[in-house]
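Letter by letter, the chains look like this.
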Amino acid sequence: MAMLTATSAPKPARATSFAWARLAPFLAILLSAAVLPFVSNDYWVLIGTRMAIYWVLVSGLNLVVGFAGHLAIGYVALLTLGAYTTSVLVAGNVLPSLPVFAALAIAAIVGAIFGVVVGLPALRLRTFYFAMSTLGFATIVTQIALAWQSVTGGGIGIAGPEFPHPFDTAAGFYALCIGFATFTTWISANVGHSRFGRALIALRDAEVAAESAGISKQTLLIAIFLLAGACAGVAGGLFASLQTYITPDAFTFDLSVLFFIAILIGGRGSILGPLLGAIILTILPEVAAPLAAWSTFLYAVLLLLIVLVMPGGIAALLDIRNRRPLAANRAILPRPAALAEIMQGKPGDKPLRLRGIALSFGNVRAIDGLDLDVAPGQIHGLIGPNGSGKTTTLNVISGYYAAKAGTMALGDAALPPGRPALRATCGIARTFQTPRVIGEASVLENVMIGGTTSGTASFAEAMLSLPRSRHDEHALAAKARALLGVVGLDGLGEVRADRLQHSELRFVEIARALMLDPDMLLLDEPAAGLSNDEIARLAELIRAIAARGTGVLLVEHHADLIFEICDQVTVLNLGRTLAAGTPAEIRVHREVVSAYLGG
Ligand code: ADP
Ligand code: MG
């Protein structure tokens with residue numbers, strides 16, 4: 001207790017200075033934008049306006065590409081849609097003419113709807129195939145704009161909307177666009193730094209771990225497609241006004257490439273990086289005016305350079321904190337005693353019960369009629385030779401595989417086959433044989449991902465950083481920090497996870513699993529790759545977790561660890577139970593000794 005208070009006392013001050021350090025570059029950019037009209041000419045104000053409009057689109061797209069990792073390369077389609085929607089509604093050649101701000105709001109709605117339409121294939125198609133589907137959509141939109149002459153003016157085009165006073169001057173319109181850009185920066189940063197943003201990155205880099213934390217892909221992706229589409233729709237309306245007159249030619253594929261590359265050179269999972277990327281890409285053709293005709297070529301060269309020289313993009317370049325060396329002689333020193341204070345309430349008294357579970361892969365019977373009971377507060381060892389079905393058993397319990405036969409229940413609730421994302425809310429948490437962490441996220445963020453489902457604020461509340469969302473974030477961060485102390489990783493919270501050692505990642509995974517206050521914890525070979533000292537500390541930690549009432553199903557190869565801490569042991573061989581009993585019984589079981597333990 002004394003230690004916990006001592007380490008947590010100075011945190012608020014550090015968190016505040018950290019927040020300011022994160023905000024400072026954005027304020028500097030905003031300040032530069034504010035003085036631009038006073039220190040330059042109309043030409044640069046025009047460039048600045050264009051930059052702001054592009055960023056309105058890119059800030060939304062960044063959540064799709066940079067955070068969720070979906071290669072949406074045809075977003076110019078949504079810009080086109082927003083531009084025509086606003087222009088047509090203001091021109092009044094279909095319905096009575098609307099005021100421009102109302103038209104812009106409708107463009108946002110149209111953009112959001114089509115954002116989902118374009119995005120939906122991402123739920124099924126990965127990478128390249130999804131990229132092609134977004135491109136296809138871009139072609140369709142341009143063709144419709146060309147063909148639907150009565151509304152869009154076809155190849156002749158249509159006048160862009162005019163904004164009322166005071167936005168009808170170059171400086172006024174610039175200020176309006178900067179205002180929109182500031183707003184979408186704020187919104188996208190709120191989402192990016194909320195549990196929803198972390199969940200997106202988790203789905204991108206460690207989908208299996210994300211599912212085990214209860215993150216549901218569909219709803220989350222639809223929410224960001226709506227948001228990104230709305231941003232693109234608004235950007236379209238502003239773009240049409242900037243152009244004063246739009247034809248389908250104004251929306252070239254180059255533009256789509258620019259949006260996409262701004263994010264790539266900016267760096268994944270960052271807001272500042274892509275913002276700088278968008279600024280650089282808008283200015284680049286201007287300062288290299290003789291090369292304007294070569295802009296696509298320039299983008300390509302820039303992209304190649306980035307991929308080769310700094311794969312993490314501008315964001316990685318700016319991430320100075322993660323270039324400081326880590327202490328080489330650091331040790332993992334868990335403090336299991338602190339566990340009781342952190343985890344609210346005791347886990348419910350729910351035993352895990354498997355009856356007659358069977359699963360085959362082709363001709364391989366991975367599990368063949370398995371019965372297993374794990375009592376609350378007990379440590380149940382699951383051992384057996386390689387390929388005997390231990391990991392498969394965990395995968396069936398956590399819903400990755402649907403058993404062909406048999407039933408499973410935790411307490412009174414039957415566990416539906418498949419549906420891994422439902423397990424977290426049932427009270428089941430797990431770790432993986434090969435740690436599944438998000439290398440590019442910090443250790444603290446990785447742990448916070450485990451508690452995604454415990455947040456109470458909606459996506460909309462997170463978007464606007466309303467009190468409930470801020471409360472969620474504080475609670476998640478505080479709990480994750482405390483759990484990092486419990487598993488012995490104090491001081492590594494802000495470090496990028498891919499810089500940790502393998503053994504440390506095993507403890508990160510345990511901390512992430514504990515974020516759920518689980519009734520049942522499934523551990524897949526947590527001692528693999530650990531030193532003897534670390535195994536002894538792990539044993540203490542697992543004991544402390546079980547002592548709180550959590551049932552632990554422990555898959556392990558270290559027989560010593562199993563016999564030391566388990567209450568019950570099940571031995572698998574070829575997917576069947578070879579023996580089950582107390583460690584004392586198993587240790588002397590004749591078949592087990594000859595088949596597995598060696599003797
Ligand atoms: P272990 O006890 O070493 O964890 P596993 O549960 O990983 O064993 O594997 C049990 C058996 O099922 C092995 O024969 C393995 O090859 C097979 N198996 C596991 N997962 C798959 C899969 N996704 N596809 C095909 N075969 C699999
Ligand atoms: Mg295994």
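In this text the structure is predicted, and so the values were computed from the model without any measurement.

Student: Sorry if this is basic, but what is going on with the overall build of the chain here?
Tutor: The secondary structure content of the chain amounts to 26 helices and 12 strands. Over its C-alpha trace the chain gives a radius of gyration of 28 Å, about what one expects of a compact globule, namely 25 Å for 599 residues. For the chain, the C-alpha atoms occupy an extent of roughly 90 × 55 × 40 Å along the three principal directions. Here the chain, with 599 residues, has 54% of them falling under the buried criterion. Looking at the chain alone, contacts between residues at least 24 apart form 76% of all its contacts between residues at least 6 apart. For the chain, the centre of its 41 positive side-chain charges and the centre of its 39 negative side-chain charges are spaced 2 Å apart.

Student: Even after reading the chapter, I still don't get the coordination of the magnesium ion (ligand 2), so can you show me in this structure?
Tutor: Put simply, a metal with four donors set out as a tetrahedron has ideal angles of 109.5 degrees, and one with six donors set out as an octahedron has ideal angles of 90 or 180 degrees. Summarising the metal site, the magnesium ion (ligand 2) is bound by the protein donors Thr-391 (OG1) and Gln-433 (OE1), whose distances to it range over 2.0 to 2.3 Å. Placement of Thr-391 in helix α17 (residues 390-397) and of Gln-433 in the loop between β8 (428-430) and α19 (443-449) is noted, with a sequence separation of 42 residues between them. Note on Thr-391: relative accessible area 25%, which makes it partly exposed. Among the residues examined, Gln-433 registers a relative accessible area of 34% and is labelled partly exposed.

Student: Explain the packing of helix α3 (residues 42-67) against helix α12 (residues 253-266) here, please?
Tutor: Relative orientation and spacing of two packed helices are given, respectively, by the angle between their axes and the distance between those axes. As a packed pair, α3 and α12 sit with axes 9 Å apart at the nearest point and diverge in direction by 60 degrees. Classed by the angle they form, the pair α3 and α12 counts as oblique. Regarding α3 and α12, the two cross each other, and that crossing is right-handed. Where α3 approaches α12, its residues Tyr-54, Leu-57, Val-58, Leu-61, Asn-62, Val-65 and Gly-66 are matched on the opposing element by Leu-255, Leu-258, Phe-259, Phe-260, Ala-262 and Ile-263.

Student: How do you make sense of the pairing of strand β12 (residues 576-581) when you look at a structure like this?
Tutor: Two faces belong to every sheet, and in a regular strand the side chains alternate between them. With 5 bridges connecting them, strand β11 (residues 568-573) and β12 associate as antiparallel partners. Bridging from a neighbouring strand, Val-571 pairs with Ala-579 of β12. Hairpin connection, β11 to β12: the antiparallel pair is bridged by 2 residues, and Leu-574 has positive phi, about 50 degrees.

Student: I would appreciate a short explanation of the nonpolar core in the present structure.
Tutor: Soluble globular proteins: nonpolar side chains tend toward being buried together. The biggest cluster of nonpolar side chains holds 110 residues, and the ones touching the most others in it are Leu-57, Leu-61, Tyr-75, Leu-79, Ile-215, Leu-238 and Phe-259. With 15 residues, the single largest contributor to this core is helix α11 (residues 217-243). Excluding residues within four positions of it along the chain, Leu-61 makes contact with Gly-66, Ala-72, Tyr-75, Ala-228, Phe-259 and Ile-263.

Student: Would you explain the site of ligand 1 in this entry?
Tutor: Close contacts around ligand 1 come from Phe-361, Val-364, Ala-366, Pro-385, Asn-386, Gly-387, Ser-388, Gly-389, Lys-390, Thr-391, Thr-392 and Tyr-401, and that covers them all. Separating an oxygen atom of ligand 1 from a backbone N or O atom of Ser-388 is a distance of 3.2 Å. Interatomic distance of 2.5 Å between a side-chain N/O atom of Thr-392 and an oxygen atom of ligand 1. For ligand 1, the protein covers 62% of the area, taking 560 Å² as the surface of the free molecule. Elements with a contribution of two residues or more to the shell around ligand 1: β4 (364-374) and α17. With 3 residues, the top contributor of residues to the shell around ligand 1 is α17. Broken down by class, the residue content of the shell around ligand 1 amounts to 5 nonpolar, 6 polar and 1 charged.

Student: How do you make sense of helix α23 (residues 532-547) when you look at a structure like this?
Tutor: Residues three or four positions apart in an α-helix share a direction because the helix packs 3.6 residues into each turn. Helix length check: α23 (16 residues) gives 23 Å between terminal C-alpha atoms against 22 Å at 1.5 Å per residue, within 8%. Of the positions making up α23, those classed as buried are Glu-534, Ile-535, Leu-538, Ala-539, Leu-541, Ile-542, Ala-544, Ile-545 and Ala-546.

Student: Please clarify how the domain arrangement of the chain should be interpreted in this entry.
Tutor: Buried accessible area, meaning the area lost when the parts come together, often serves as the stated size of an interface. What the domain assignment reports for the chain is domain 1 (46-253) and domain 2 (376-399 + 419-597). Taking only C-alpha atoms into account, the centre of domain 1 sits 41 Å from that of domain 2. Listed by partner, the interface residues are 25 residues for domain 1 and 30 residues for domain 2. Both faces combined, the contact of domain 1 with domain 2 buries some 2,300 Å², and carbon together with sulfur accounts for 68% of it. For domain 1, the biggest contributors to the area lost against domain 2 are Arg-195, Arg-198 and Ser-212; these three give 29% of the whole.

Student: What exactly am I supposed to notice about the side chain of Arg-506 here?
Tutor: Topologically, Arg-506 is positioned in helix α22 (residues 502-514). One buried charged residue, Arg-506, remains without a salt bridge, the closest side chain of opposite sign being Glu-509 at 5.3 Å. Of note is the side chain of Arg-506, whose polar atom sits 3.5 Å from the backbone oxygen of Phe-432. Among residues more than four places away in sequence, those in contact with Arg-506 are Phe-432, Gln-433, Pro-435, Asp-524, Glu-525, Pro-526, Ala-528 and Leu-530.

Student: Would you mind showing me how to read the sheet that holds strand β3 (residues 352-361) here?
Tutor: Pairing between the strands of a sheet comes from backbone hydrogen bonds, and it takes one of two forms, parallel or antiparallel. Pairing is antiparallel across the open sheet formed by 4 strands, whose spatial order is β4-β3-β6-β7. With partners counted over all chains shown, the strands left at the sheet margins are β4 and β7 (413-414), one partner each. Here β3 pairs with strand β6 (residues 405-410) via 5 bridges, running antiparallel. What sits directly across from Arg-355, in β6, is Thr-407. Against the sheet, α17 contacts β3, β4 and β6, and its axis sits at roughly 115 degrees relative to β3.

Rules and cut-offs
Residues numbered from 1 in each chain as written. Chains lettered and ligands numbered in written order. Predicted model: local features only at pLDDT ≥ 70, side-chain atom pairs only at ≥ 80, totals over all residues. Heavy atoms only, no water. Helix = DSSP H or I, 4+ residues; strand = E, 2+ residues; numbered from the N terminus. Rg over C-alpha atoms; globule rule 2.2 N^0.38 Å. Buried < 20%, exposed > 50% of the residue type's maximum accessible area, 1.4 Å probe, protein only. Contact = heavy atoms within 4.5 Å. Lys, Arg positive; Asp, Glu negative; His and termini not counted. Charge placed at Lys NZ, Arg CZ, Asp CG, Glu CD. Donors = N, O, S within 2.8 Å, 3.2 Å for Na, K, Ca; no water. Axes fitted to C-alpha atoms, helices over the stretch in contact; angles between N-to-C directions. Parallel < 35°, antiparallel > 145°, perpendicular 65-115°, else oblique. Left-handed = near helix turned anticlockwise from the far one by under 90°. Pairing = 2+ DSSP bridges. Core = buried A, V, L, I, M, F, W, Y, C linked by side-chain atoms within 4.5 Å. Near = heavy atom within 4 Å. Polar contact = N/O pair within 3.5 Å; in protein donor to acceptor, adjacent residues only side chain to side chain. Areas by Shrake-Rupley, 256 points an atom, 1.4 Å probe, with all protein chains shown as cover. Nonpolar A, V, L, I, M, F, W, Y, C, P; charged D, E, K, R; others polar. Expected span 1.5 Å × (residues − 1). Domains from an automatic or database assignment. Buried area = accessible area lost by both parts, 1.4 Å probe. Salt bridge = Lys/Arg side-chain N within 4 Å of Asp/Glu carboxyl O.

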